[in-house]
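Observations on the model geometry
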Amino acid sequence: MVSGRSREQVIALKGGELAYRLLVEAMSEGAATLFPNGALLYCNRRFAELVGRPHKKMIGLAVQSLVAKTERNRFEAFLADGRKAVVTGEFNLRCRDGSLIPVNFSLNRFRGYKGHALGMVITDLSEQKRKQADEVKQAEVTRRLLLEHMLSAQEEERRRIARELHDEAGQLLTSLLVGLRLLEDSRNLADVKAQGLRLRKITAQALDEVGRLARGLHPTVLDDHGLSVALRRYVAEYMKTYNIAVYLQLDELHAGNLPSAVQLGLYRIVQEALTNVARHSRAKTVSIKFVRSATALEVAVIDDGCGFDAKAVAVSSHRLGIQSMRERAAMLGGTVSFASRGKGTKILVRVSLAEKDLEPSLERRST
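Residues numbered from 1 in each chain as written. Predicted model: local features only at pLDDT ≥ 70, side-chain atom pairs only at ≥ 80, totals over all residues. Heavy atoms only, no water.

Moving on, we get to the packing of aromatic side chains. Under the definition given, this model contains nine aromatic pairs. Connected via pairs of aromatic rings, a cluster forms that spans Phe-75, Phe-78, Phe-91 and Phe-105. The ring centre of Phe-91 lies 4.1 Å from the NZ or CZ of Arg-74, which sits over that ring. (Phe/Tyr/Trp six-rings, centres within 6.5 Å; stacked < 30°, edge-to-face > 60°. Lys NZ or Arg CZ within 6 Å of the ring centre and 35° of its normal.)

Written as structure tokens, this is what we have:
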């Protein structure tokens, strides 16, 4: 079709029809020419193969009759739109044996040599839908694996708490019990006072130990004072326990209006990252930096330890600490990445922040 000065003209090229048909017949996709009402003027063999019908008997059929019954009204609307503009849509073709094949229709109007007609390309989506099913299946496997890891981590945490209660708090309480028995045998006031002072120290140690275990289970300071204070207190205790210097930069955090779920999730991720540093990295220093914009919050945890194979860890499903960080970040709608080049490790957490999800700050609540 050639547009001239006065009007459009259809010009037939010698041999062009044969070449066009050879091209269309060689297509891996279905192709068809339709009357405006949906009846087939022409279709290639691939379209006939899709619906399992003889090619010669396709001409004259209404495409509506080939579409699943429940989708025919939608196809009529689709056909009406195709008379005005280029449209695409997904439908299910009904095969001769009654089975359904998911396809994508691409519909466009053009002027055939006998007036208005529609051109259509039919793409088989069966392979794509199998691929999507595999992705869903893989996601389910991953979800189950994460659940197993979570349960395993919970059980390991219970064992750790039981061990620490027995080894630390239990021993202190035993010492307290022995001291009370010795107190009964004391014969003068000076011995009683000395023993009483010793028992007070043991009791204080026991309270500190129980408090430490309780904070490990759930940091009440996070509920009472927010993420900034909770992290500062945790880092102070961490440095005392592991003798690792930690540089915490919270200037850009402004945690007062972060949702409580985000605060808890970030606290646990930082806690897990520091635990991994203490267990595996042999690092001397760690820096933690929060960078916040209007739409996102990034947390970088960088240590100067021995590092690890980041590529191997990226595909590993057996690193519970790393899986835990990934899972917590995903629950917040965020991501976590790991980088290590033989020495030192960088963990980068990114969480998107939508304005509607932000809670009022303490200053705004008080006004």
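On we go.
Packing of helix 8 (residues 227-242) against helix 9 (residues 260-281) brings their axes to within 11 Å, and their N-to-C directions diverge by 15°. Compared by their axis directions, helix 8 and helix 9 come out roughly parallel. By crossing handedness, the relation of helix 8 to helix 9 is classed as right-handed. Contacts between helix 8 and helix 9 pair Leu-227, Ala-230, Leu-231, Tyr-234, Val-235, Tyr-238 and Tyr-242 from the former with Gln-263, Leu-266, Tyr-267, Val-270, Gln-271, Leu-274, Thr-275, Val-277 and Ala-278 from the latter. Residue composition of the contact of helix 8 with helix 9, by class: 13 nonpolar, three polar and no charged. (Axes fitted to C-alpha atoms, helices over the stretch in contact; angles between N-to-C directions. Helix = DSSP H or I, 4+ residues; strand = E, 2+ residues; numbered from the N terminus. Parallel < 35°, antiparallel > 145°, perpendicular 65-115°, else oblique. Left-handed = near helix turned anticlockwise from the far one by under 90°. Contact = heavy atoms within 4.5 Å. Nonpolar A, V, L, I, M, F, W, Y, C, P; charged D, E, K, R; others polar.)

Even without glycine at this site, Asn-243 takes up a positive phi of about 60°. With respect to the helices, strands and loops of the structure, Asn-243 is situated in the loop between helix 8 and strand 8 (245-249). Owing to a relative accessible area of 70%, Asn-243 belongs among the exposed residues under this scheme. (Buried < 20%, exposed > 50% of the residue type's maximum accessible area, 1.4 Å probe, protein only.)

The next point concerns the sheet that holds strand 12 (residues 345-352). The strand order across the open sheet formed by five strands is 8-9-10-12-11, and the pairing between neighbours is mixed. Single-partner strands in this sheet number two, and they are strand 8 and strand 11 (335-340). Strand after strand, the sheet turns through a mean of 10° between neighbouring axes, direction not considered. As judged from the six bridges shared by strand 11 and strand 12, these two strands associate in the antiparallel manner. Residue Ser-337 lies in a different strand from strand 12, and its bridge partner there is Leu-348. This element, helix 8, spans strand 8 and strand 9 (285-292) of the sheet and lies at about 170° to strand 8. (Pairing = 2+ DSSP bridges.)

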